[in-house]
Amino acid sequence: MKIHNTYIKRCIALAKNGLPAAMPNPSVGAVLVHNDSIIAEGYTSAYGGPHAEVNCIAFAKANTPELIAKSTLYVSLEPCSHWGKTPPCADLVIDSGIKRVVIGTIDPFAKVAGAGIKKLMQAGVDVTVGVLEKECQEVNKRFFTYHNEKRPFIILKWAETANGFIAPATRDKQEPVWITNTLSRQLVHKLRSEEMGILVGGKTVIEDNPTLTTRDWHGSNPTRIVIDTQGNLPKELHIFNNEAPTIVLKDSDPKSICKELFGHNIQSVIVEGGAATLQGFIDAALWDEASIFTGLTNFNAGIKAPKKTSQFTLQSTQHIKGDRLDTYTRSDS
Ligand SMILES: NC(=O)C1=CN([C@@H]2O[C@H](COP(=O)(O)OP(=O)(O)OC[C@H]3O[C@@H](n4cnc5c(N)ncnc54)[C@H](OP(=O)(O)O)[C@@H]3O)[C@@H](O)[C@H]2O)C=CC1
Ligand SMILES: Nc1c(N[C@@H]2O[C@H](COP(=O)(O)O)[C@@H](O)[C@H]2O)[nH]c(=O)[nH]c1=O
Ligand SMILES: [Zn+2]
């Protein structure tokens, strides 16, 4: 129904406000509709805080309590049925006397996965499921990939020169050689702040001594993940400072990395390089999105950028004061 789409669209817009603070929880949007008017809205609070339905119903209770039981609740994700950090939202909906609930998509989390819908229906609530399902899943693409595919959502990111290199052949100092400008760097820090993990290979750690933080942007630092196949990375390196946690992995195989990160409850990871590490994920077809920056610089020789396959599907191009950022998704063809 067209009217359902309108309100679920509003739920999706609300849900976007809750990210990345809600992670590793999904961010959800909820609206209460009475006589074709929205009387209350809510979205998921920062991790551990109230869910969207709780915030929405609390607003209605404070303003128009008499209308709650006569309203329809729209919610982008199935209300939870379990005790997590907060009580089950399905119970709150039932106790509030709400008789109609329209749900965007089912929750893939094993402890819910239809149990919230069942609970509502058993209490006599009229439930509609599956409105703008794909769009509702897209907002929580990290959460859905993690639970459905048992691996983190993977974003590849690198910066290459205008002539296709990611690093020069030689360098004077143990620090990154910048290809892109300071505005691009700030955008990279924003992108880092949206993910739970950031991963680089051993050679990158040795040659760049990267920090891998979000210092030019507000928001949390992701957990740093480094591949150290020799088990000898010096503890004085920046990645071992106390600005963010760091996980050291011994195995460079992308499949094993995914398994390990799943175990650490890391729902998303930005893979920043180097070329060998990125190529491993590309060749294993274990990635979801890619952000490739191209700067104005040229190197005479050096490490070539990873080879893109036919799976790279261009989604957008933006220009950042001379730099270019191309974003891709992976298609299975
Ligand atoms: N422009 C950009 O966006 C980026 C550029 N870079 C650049 O990329 C370069 C590195 O890329 P690349 O060479 O492909 O390597 P990676 O950073 O992808 O690391 C993988 C390599 O590191 C080796 N390695 C892992 N652990 C250790 C260790 N403890 N000691 C020594 N070697 C180890 C691996 O060897 P094995 O598997 O055989 O054990 C493998 O050859 C750097 O110069 C960096 O500046 C890096 C990131 C981004
Ligand atoms: N040189 C280069 C990048 N390099 C990446 O950034 C890392 C350094 O991170 P940090 O120490 O936090 O500043 C480095 O190891 C590599 O992964 N990134 C870019 O967007 N543009 C660039 O030109
Ligand atoms: Zn809930």
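Residues numbered from 1 in each chain as written. Chains lettered and ligands numbered in written order. Predicted model: local features only at pLDDT ≥ 70, side-chain atom pairs only at ≥ 80, totals over all residues. Heavy atoms only, no water.

- Under an unreviewed UniProt entry, the name given to the chain is Riboflavin biosynthesis protein RibD, and the organism recorded is Dokdonia genika.
- Recorded in UniProt under Function (unreviewed entry), the annotation for the chain is "Converts 2,5-diamino-6-(ribosylamino)-4(3h)-pyrimidinone 5'-phosphate into 5-amino-6-(ribosylamino)-2,4(1h,3h)-pyrimidinedione 5'-phosphate." (UniProt positions renumbered as here; feature names shortened; annotations may be inferred.)

As for the overall build of the chain
For step 1, the next point in the chain: Secondary structure assignment for the chain yields 10 helices and 15 strands.
For step 2, the next point in the chain: Viewed in the frame of its principal axes, the chain has a C-alpha envelope of about 70 × 40 × 40 Å.
For step 3, the next point in the chain: Classification of the 333 residues of the chain by burial places 52% in the buried group.
For step 4, the next point in the chain: Here the contacts in the chain between residues at least 6 apart in sequence split such that 72% fall between residues at least 24 apart. (Helix = DSSP H or I, 4+ residues; strand = E, 2+ residues; numbered from the N terminus. Buried < 20%, exposed > 50% of the residue type's maximum accessible area, 1.4 Å probe, protein only. Contact = heavy atoms within 4.5 Å.)

Considering the sheet that holds strand β1 (residues 29–34)
For step 1, the next point in the chain: Spatially, the five strands line up as an open sheet ordered β2-β1-β3-β4-β5, and their pairing is mixed. Both outer strands of the open sheet, β2 (37–43) and β5 (126–129), are each paired with one neighbouring strand and no more. Here the average twist between neighbouring strands, direction ignored, is 15°.
For step 2, the next point in the chain: Relative to β1, helix α1 (residues 2–17) is tilted by about 140°, and along the sheet it contacts β1, β2, β3 (72–77), β4 (100–105) and β5.
For step 3, the next point in the chain: Against the sheet, helix α4 (residues 115–122) contacts β4 and β5, and its axis sits at roughly 150° relative to β5. (Pairing = 2+ DSSP bridges. Axes fitted to C-alpha atoms, helices over the stretch in contact; angles between N-to-C directions.)

Things to note about the site of ligand 1
For step 1, the next point in the chain: The immediate surroundings of ligand 1 are formed by 26 residues, with Thr204, Glu207, Asp208, Asp228 and Thr229 found nearest.
For step 2, the next point in the chain: Ala159 has a polar backbone atom sitting 2.8 Å from an oxygen atom of ligand 1.
For step 3, the next point in the chain: Between an oxygen atom of ligand 1 and a main-chain N or O atom of Ala275, the distance comes to 3.2 Å.
For step 4, the next point in the chain: Across the complex, the protein chains shield 78% of the 940 Å² of accessible surface that ligand 1 would expose by itself.
For step 5, the next point in the chain: Mapped onto the shell around ligand 1, the elements with two or more residues apiece are β6 (153–160), β7 (165–168), α8 (202–208), β11 (268–273) and α10 (275–283).
For step 6, the next point in the chain: Ranked by the residues each element gives to the shell around ligand 1, the list is headed by α8, at six residues.
For step 7, the next point in the chain: Taken together, the residues of the shell around ligand 1 sort by class into 11 nonpolar, nine polar and six charged. (Near = heavy atom within 4 Å. Polar contact = N/O pair within 3.5 Å; in protein donor to acceptor, adjacent residues only side chain to side chain. Areas by Shrake-Rupley, 256 points an atom, 1.4 Å probe, with all protein chains shown as cover. Nonpolar A, V, L, I, M, F, W, Y, C, P; charged D, E, K, R; others polar.)

A short note on the packing of aromatic side chains
For step 1, the next point in the chain: Taken as a whole and assessed by the stated rule, the structure comprises five aromatic pairs.
For step 2, the next point in the chain: Centroid distance Tyr146 to Phe262: 4.4 Å. Interplanar angle 25°. Geometry classified as stacked. Of the two residues, Tyr146 is situated in helix α6 (residues 141–149) and Phe262 in helix α9 (residues 254–263); the sequence distance between them amounts to 116 residues.
For step 3, the next point in the chain: Of the residues examined, Phe262 reaches a relative accessible area of 26% and is grouped as partly exposed.
For step 4, the next point in the chain: Taken together, a centroid distance of 5.4 Å and an interplanar angle of 75° make the contact between Phe312 and Tyr328 edge-to-face. One end of the pair, Phe312, is in strand β14 (residues 312–320); the other, Tyr328, is in strand β15 (residues 323–330), and 16 residues separate them in sequence. The pair formed by Phe312 and Tyr328 is uniform in burial state, with each residue classed as buried.
For step 5, the next point in the chain: Of the aromatic side chains, those joined through ring pairs into one cluster are Trp287, Phe312 and Tyr328.
For step 6, the next point in the chain: A cation over a ring is seen here: Arg185 above Trp178, with NZ or CZ 3.8 Å from the ring centre.
For step 7, the next point in the chain: Directly above the ring of Phe240 sits Lys235, whose terminal nitrogen or CZ lies 4.2 Å from the centroid. (Phe/Tyr/Trp six-rings, centres within 6.5 Å; stacked < 30°, edge-to-face > 60°. Lys NZ or Arg CZ within 6 Å of the ring centre and 35° of its normal.)

Brief notes about the site of ligand 2
For step 1, the next point in the chain: Lining the immediate environment of ligand 2, one finds 17 residues, of which Ile179, Thr180, Asp208, Thr211 and Arg215 sit closest.
For step 2, the next point in the chain: One of the side-chain N or O atoms of Arg192 is found 2.9 Å from an oxygen atom in ligand 2.
For step 3, the next point in the chain: Breaking the shell around ligand 2 down by element, the ones donating at least two residues are β6, α7 (182–193) and α8.
For step 4, the next point in the chain: Residues belonging to the shell around ligand 2 are distributed by class as follows: eight nonpolar, four polar and five charged.

A short note on the sheet that holds strand β10 (residues 246–249)
For step 1, the next point in the chain: Read across the sheet, eight strands follow the order β10-β9-β8-β11-β6-β12-β15-β14 without closing on themselves; strand pairing throughout is mixed. Either end of the sheet is taken by a strand with one partner, and the two such strands are β10 and β14. Looking at each pair of strands side by side, their axes are set apart by 20° on average, direction ignored.
For step 2, the next point in the chain: The sheet contact formed by β14 and β15 spans eight bridges and is antiparallel. Bridge assignment links Gln318 to a residue of β15, and that residue is Leu325.

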